[in-house]
Amino acid sequence: MLVSILLSVLALGFLMFTIVGLAGNGLILVLAIVYAISTDFSTLTGNTLLWLFIMFILGEIWEFGVSFLGIKKEQVSTFTVFFIACGTIIGSLVGTLFMPLVGSLLGASIGAFCFAFIIERLRGETRYRSWYIACVAASMQLLAAFGKIIVGCIMLIMFIVNLAW
């Protein structure tokens, strides 16, 4: 029982990694694999691991698809998308420095917004169009992050439910 509690806390910590934009869902998957192997798949079966892996892949596809394709549908250049991604990363790092957890999400969104606006203005777009693209970039970033966090929550629940209690 104590081991299950410790593993649950560790997995919850990995979910916090996902919230700050790190590879938390992947770490939950690795933890589940190690646990399943160490217990000879007695409570966490191969089927459960397969579903955890599918959830992990869906989370990655969601994050990439929403953040990249969501802004790309607005017919912005690949150059702009690249700089939006850079702004997202920089904003996430800066946001984490000021407010861990929430700051990384807000920082990523603000970074995407700022970089999108600046790049679009430098490319000669109107202020209105630049503002619109920046808002889309920020909202797509938040939607991508929240989707991945939801997947991480599902993975966490699946893992905890299958521990030996």
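Refer to the preceding data block for the structure.
Now for a look at the structure at hand.

Some words on unusual backbone geometry
Okay, so step 1: For Asp-40, which is not glycine, the phi torsion reads 55 degrees and is therefore positive.
Okay, so step 2: Considering the arrangement of structural elements, one finds Asp-40 in the loop between α2 (24–38) and α3 (46–72).
Okay, so step 3: Residue classification places Asp-40 among the exposed residues on the basis of a relative accessible area of 66%.
Okay, so step 4: Positive phi outside glycine occurs at Gln-75, with the angle close to 60 degrees.
Okay, so step 5: Among the secondary structure elements, Gln-75 is positioned in the loop between α3 and α4 (78–98).

A word on α2
Okay, so step 1: Helix length check: α2, at 15 residues, gives a terminal C-alpha distance of 21 Å against a target of 21 Å (1.5 Å per residue), a fit within 8%.
Okay, so step 2: Within α2, burial applies to Gly-24, Asn-25, Gly-26, Ile-28, Leu-29, Leu-31, Ala-32, Tyr-35 and Ala-36.
Okay, so step 3: Contacts made by the buried residues of α2 are with α1 (2–19), α3 and α6 (127–161).
Okay, so step 4: Following α2 by one or two positions, Asp-40 has its phi on the positive side, about 55 degrees.

Remarks on the packing of aromatic side chains
Okay, so step 1: In this structure the tally under the stated criterion is seven aromatic pairs.
Okay, so step 2: Measuring from centroid to centroid gives 5.4 Å for Phe-64 and Phe-68, while their planes differ by 15 degrees, and the two rings are stacked. Linking Phe-64 with Phe-68, this pair stays in helix α3, spanning four residues, or about one helical turn.
Okay, so step 3: On the basis of relative accessibility, which here comes to 54%, the residue Phe-64 falls in the exposed class.

Some remarks on the packing of helix α5 (residues 102–122) against α6
Okay, so step 1: Viewed as axis vectors pointing N to C, α5 and α6 meet at an angle of 155 degrees, and their least axial separation amounts to 8 Å. Overall, the two elements α5 and α6 adopt an arrangement that is roughly antiparallel. As α5 packs across α6, the resulting crossing turns out to be right-handed.
Okay, so step 2: Classifying every residue of the contact of α5 with α6 gives 16 nonpolar, three polar and three charged.

Things to note about the environment of Leu-52
Okay, so step 1: The residue Leu-52 is located in helix α3 in this model.
Okay, so step 2: For the pair formed by Leu-52 and Ile-154, sequence separation is 102 residues and the distance between their alpha carbons is 8.8 Å.

Some remarks on the nonpolar core
Okay, so step 1: One finds Leu-44, Met-155 and Phe-159 to be the most contacted residues of the largest nonpolar core, which totals 20 residues.
Okay, so step 2: Of all elements in the fold, only α1, α2, α3 and α6 reach the threshold of two or more residues within this core.
Okay, so step 3: Ranked by residues supplied to this core, first place goes to α2 with six residues.
Okay, so step 4: Excluding anything up to four places from it in sequence, Met-155 contacts Asn-25, Ile-28, Leu-29, Leu-52, Met-55 and Phe-56.

A few points about the side chain of Ser-104
Okay, so step 1: Structurally, the position occupied by Ser-104 is in helix α5.
Okay, so step 2: One polar contact links the side chain of Ser-104 to the main-chain carbonyl oxygen of Ile-19, over a distance of 3.3 Å.

Some points on the pattern of salt bridges
Okay, so step 1: If you walk through the whole model with that rule in mind, you get four salt bridges.
Okay, so step 2: Notably, a salt bridge pairs Glu-74 with Lys-73, separated by 2.9 Å at the nearest N-O pair.
Okay, so step 3: For Lys-73, a relative accessible area of 56% gives the class exposed.
Okay, so step 4: Glu-120 is paired through a salt bridge with Arg-123; the nearest N and O atoms lie 3.3 Å apart.
Okay, so step 5: Residue classification places Arg-123 among the partly exposed positions, given a relative accessible area of 43%.

Parameters at a glance
- Residue positions are counted from 1 within each chain, in the order its sequence is given.
- Residues qualify for local features only when their pLDDT is at least 70, as the model is predicted, and side-chain atom pairs are given and counted only at 80 or more; totals for whole chains, interfaces and linings, by contrast, use all residues.
- Hydrogens and water are ignored here; the side-chain numbers use all heavy atoms of the structure.
- A run of H or I in DSSP counts as a helix once it spans at least four residues, and a run of E counts as a strand once it spans at least two, with each numbered from the N terminus.
- Using a 1.4 Å probe on the protein chains alone, a residue whose accessible area is under 20% of its type maximum counts as buried, one over 50% counts as exposed, and one in between counts as partly exposed.
- Working rule for helices: expected span equals 1.5 Å times residues minus one.
- The contact rule is simple, with two residues in contact once any of their heavy atoms fall within 4.5 Å.
- The pairing test for Phe, Tyr and Trp rings, Trp by its six-membered ring, is centres within 6.5 Å, and the orientation test on the planes gives stacked under 30 degrees, edge-to-face over 60, and tilted for anything in between.
- The angle between two axes is taken between their N-to-C directions and runs from 0 to 180 degrees, where each axis is a line fitted to C-alpha atoms and a helix contributes only its stretch in contact.
- The labels follow the angle: roughly parallel below 35 degrees, roughly antiparallel above 145, roughly perpendicular from 65 to 115, and oblique for the rest.
- For any pair of crossing helices, the crossing counts as left-handed if the nearer helix is rotated counterclockwise from the farther one by less than a right angle, and right-handed if it is rotated clockwise.
- Gly falls in the polar group here, along with every residue not listed as nonpolar (Ala, Val, Leu, Ile, Met, Phe, Trp, Tyr, Cys, Pro) or charged (Asp, Glu, Lys, Arg).
- Residue types Ala, Val, Leu, Ile, Met, Phe, Trp, Tyr and Cys, when buried and joined through side-chain atoms within 4.5 Å, form a set referred to as a nonpolar core.
- Polar contacts, as used here, are pairs of N or O atoms within 3.5 Å; protein pairs need one atom able to donate a hydrogen and one able to accept it. Residues neighboring in sequence count only if both atoms are side-chain atoms.
- Salt bridge criterion: a side-chain nitrogen from Lys or Arg within 4 Å of a carboxyl oxygen from Asp or Glu.

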